[in-house]
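Architecture and fold: a report
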Amino acid sequence: MTQKNHGDAHQSKRQKTNDDGKSAPKNIILNAFLMSSPGLQVINSWRNEKDQTSTSAENPEYWIELAKVLERGGFNAVFFADVLGPYDVYKGPGNFKPVAKAGAQWPLPDPSYYIPLMAAVTKRLAFGITISTISEQPYHLARRLGTLDLITGGRAGWNIVTSYLDSASRNLLNGQNLPDKVERYKKAEEFVDVIYKLFLSSWQDGAVKADKKKGVFTDPEGLRHINHEGKYFNVQGPGLTQPSQQKLPVIIQAGTSPKGKELAARNAEIIFLNNPSKDSLKKNIDSVKYLAQHKFGRDPSKIKFLLQVTIIIGDTAEDVKQQIDTVRALGDDEAALAMFSGWSGIDISAYTDDKPLEDIENVAIASTIQSWKIAYPEVKVWTKKEIIDRVTVSGSGILFAGTPKEVADTIQDWVEYTGVDGFNFAYTNLPGTFKDIADKLVPELRKRGLVPGLDELTRANENGLSFRQQLFGTNELDPTHPASELKWKSNESRGEFEHRFSKALEKLHATL
């Protein structure tokens, strides 16, 4: 990740060549994967004697100290995952007992309230937050996001999700199950377009004057209604919050279905992926880049791809094995199966314990097992026991375990083979995993030129860069992004912008 702050400053070390003519390694993005619950991916991580998450919901100091660890350790951002209901597919519907007992993504306080605590003690650490398009109206979401972006100094990002748990929709949509995926993504696209208009088109750059002598806080001529009228939303505007330095929070997306890929290729600046093998990851990255360029006319280099990985770092092979054995011993079989059922949408309790799962007809389970077979060739037959073993230790992602040098070797290999831009690190205990990454892994990555040096980090901290500046060296949306022309610039009169706005909307809608 570049740490420069102007123009084309992102032409950094990653794009230069060494004396032998080979490409120099690129600075990769280090992201801390968090949730507001006692556990995220690894089952019963909160039971680890080193873990502090069991009291994190009511302990501001926990979030403050964790933020300090991450910033000191060279992490670029925190990503808060979130769901809006319990995993209740297993032996369900409505059976949330296994996840409640194990603290597996339950309970779930609102993570947005922890971000200001972390932002107050950091200058560079950025914050991505998951907020579903079924949970609230875009006008209200723009206010929440805008406030987070202001209080963090332009370090906020929004992970767009359409939700996948019926337990959420039954509480949010008057007792109804989720609409089908096509309908959810159509609504999401319109939702995102309203967000673009509220952030980019309702406040002119420089409209905030805060002029005490003249008594003008906001120039009223620099405000306008967006007057959005669509199938799902009617929003007059303008947005309630004044613009931050990056004006629009960074757009993040994590969908891997065909519709999810389209949403990401059209809108996302960061895409989270969860591929268990190098080949599948490379194929996924290449396909989204192709879609972004050839369907939506975007520059694919302006999209950053991050892979979800659970990390275990030990000083020796014996230490690594002991940590893995500890994680396994603390697990909960029923919770692991409940999480897998929630992710796949299929109640896996319907199958016997020794049933080879790659032979079943269900597409959701069969495709997951097929990808795991490629990633873990040592497993000859995938049954529920193997799922329990895999989910207990690494959740839905892949596991990188070893000494600092071994993990750094693996990371470098994946980066060079796939072109992935960084990693979304899940943990086995908090804050221990992230301390190990900061103190043991990052120095090894730094030796290889894969993360910025200490001097570069110090300069970045002093500059107080926005999230987008960290990623791309600028506060501006990339000119090839479909929403880039929606911004009301300071040198445009209202009439000039209205004329250009109508053309920009036509161009934006043409991408749907």
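Note that the structure is predicted; figures quoted are calculated from it, not measured. (Residues numbered from 1 in each chain as written. Predicted model: local features only at pLDDT ≥ 70, side-chain atom pairs only at ≥ 80, totals over all residues. Heavy atoms only, no water.)

What follows covers the overall build of the protein. A tally of helices and strands in the protein yields 17 helices and 13 strands. Taken over the C-alpha trace, the protein has a radius of gyration of 23 Å; the compact-globule value for 512 residues is 24 Å, and the two agree within 12%. Principal-axis analysis of the C-alpha atoms places the extent of the protein at approximately 70 × 60 × 45 Å. Out of the 512 residues belonging to the protein, those deemed buried represent 57%. The contacts of the protein with a sequence gap of at least 6 include a subset with a gap of at least 24, amounting to 76%. On the protein, roughly 21600 Å² of surface is accessible, and the fraction owed to carbon and sulfur atoms is 50%. (Helix = DSSP H or I, 4+ residues; strand = E, 2+ residues; numbered from the N terminus. Rg over C-alpha atoms; globule rule 2.2 N^0.38 Å. Buried < 20%, exposed > 50% of the residue type's maximum accessible area, 1.4 Å probe, protein only. Contact = heavy atoms within 4.5 Å. Areas by Shrake-Rupley, 256 points an atom, 1.4 Å probe, with all protein chains shown as cover.)

This part covers the environment of Asp299. Within the secondary structure, Asp299 is located in the loop between helix 8 (278-294) and strand 11 (304-313). For Asp299, a relative accessible area of 26% translates into the label partly exposed. Sequence separation between Asp299 and Thr480 is 181 residues; the distance between their C-alpha atoms is 6.1 Å. In contact with Asp299, other than residues within four places in its own chain, are Asp478 and Thr480. Polar contacts involving the side chain of Asp299 include one to the side chain of Ser301, which spans 2.8 Å. (Polar contact = N/O pair within 3.5 Å; in protein donor to acceptor, adjacent residues only side chain to side chain.)

Between helix 6 (residues 181-201) and helix 7 (residues 258-267), the least distance of the axes is 10 Å, while the angle of their chain directions is 15°. By the criterion of interaxial angle, the relationship of helix 6 to helix 7 is roughly parallel. As helix 6 packs across helix 7, the resulting crossing turns out to be right-handed. Residues Val182, Tyr185, Glu189, Val192, Asp193 and Tyr196 of helix 6 touch helix 7, and the partners they reach there are Lys259, Gly260, Glu262, Leu263, Arg266 and Asn267. Residues that form the contact of helix 6 with helix 7 fall into these classes: five nonpolar, two polar and five charged. (Axes fitted to C-alpha atoms, helices over the stretch in contact; angles between N-to-C directions. Parallel < 35°, antiparallel > 145°, perpendicular 65-115°, else oblique. Left-handed = near helix turned anticlockwise from the far one by under 90°. Nonpolar A, V, L, I, M, F, W, Y, C, P; charged D, E, K, R; others polar.)

Axis separation between helix 4 (residues 138-151) and helix 6 bottoms out at 9 Å; the angle between their running directions is 55°. As far as their axial angle goes, helix 6 and helix 4 are oblique. Taken as a pair, helix 4 and helix 6 cross one another with a handedness that is right-handed. Of helix 6, the residues touching helix 4 (which contributes Pro138, Tyr139, Leu141, Ala142, Leu145 and Gly146) are Phe191, Val194, Ile195, Leu198 and Phe199.

Strand 1 (residues 29-34) sits mainly inside the fold: six of its six residues count as buried. Residues Ile29, Asn31 and Phe33 line one face of strand 1 and the alternating positions Leu30, Ala32 and Leu34 line the opposite face, and both faces are buried. In terms of strand pairing, strand 1 meets strand 2 (residues 77-80) through four bridges, oriented parallel. In the sheet register, Leu34 faces strand 2, and the bridge partner there is Phe80. Handedness of the strand 1-helix 1 (residues 60-72)-strand 2 crossover: right-handed. (Pairing = 2+ DSSP bridges. Right-handed = clockwise from strand over helix to strand, strands pointing away.)

Residue-level pLDDT values for the protein average 92, and 95% of them are 70 or greater. When the criterion is pLDDT under 50, residues 1-22 qualifies, and its contacts beyond four places in sequence or with other chains add up to 55 contacts. (pLDDT = per-residue confidence, 0-100.)

Under the counting rule described, the total for this entry stands at 17 aromatic pairs. Relative to Phe425, the ring of Phe423 has its centre 5.9 Å away and its plane inclined at 5°; by these criteria the two rings are stacked. A residue is classified by how much of its surface remains accessible, and Phe423, at 0% relative accessible area, is buried. Among the aromatic residues, ring-to-ring pairing joins Tyr62, Trp63, Phe80 and Tyr114 into one connected group. (Phe/Tyr/Trp six-rings, centres within 6.5 Å; stacked < 30°, edge-to-face > 60°.)

Another point: helix 8. Here helix 8 contains 17 residues, and its C-alpha end-to-end distance of 24 Å stays within 8% of the 24 Å for a straight helix at 1.5 Å per residue. Burial in helix 8 covers these residues: Leu281, Asn284, Ile285, Val288 and Ala292. Along helix 8, the residues classed as buried sweep out an arc of 95° about the axis, all on the same side. Projecting away from the buried face of helix 8 at angles above 90 degrees are the exposed residues Lys283, Tyr290 and His294. Looking at the packing, one finds that the buried side of helix 8 touches helix 7, strand 10 (270-273), strand 11 and helix 13 (404-418). (Expected span 1.5 Å × (residues − 1). Arc of directions from axis to C-beta.)

Counting residues in hydrophobic clusters, the biggest one holds 131 residues, and the most contacted among them are Leu34, Met118, Trp158, Ile411, Phe423, Phe425 and Phe434. When residues of this core are assigned to their parent elements, the largest contribution, nine residues, is made by helix 6. When neighbours within four sequence positions are excluded, Met118 is seen to be in contact with Leu34, Trp63, Leu66, Ala67, Leu70, Val78, Phe80 and Phe127. Grouped together as the second largest cluster of nonpolar side chains are six residues, Val42, Val320, Ile324 and Val393 included. (Core = buried A, V, L, I, M, F, W, Y, C linked by side-chain atoms within 4.5 Å.)

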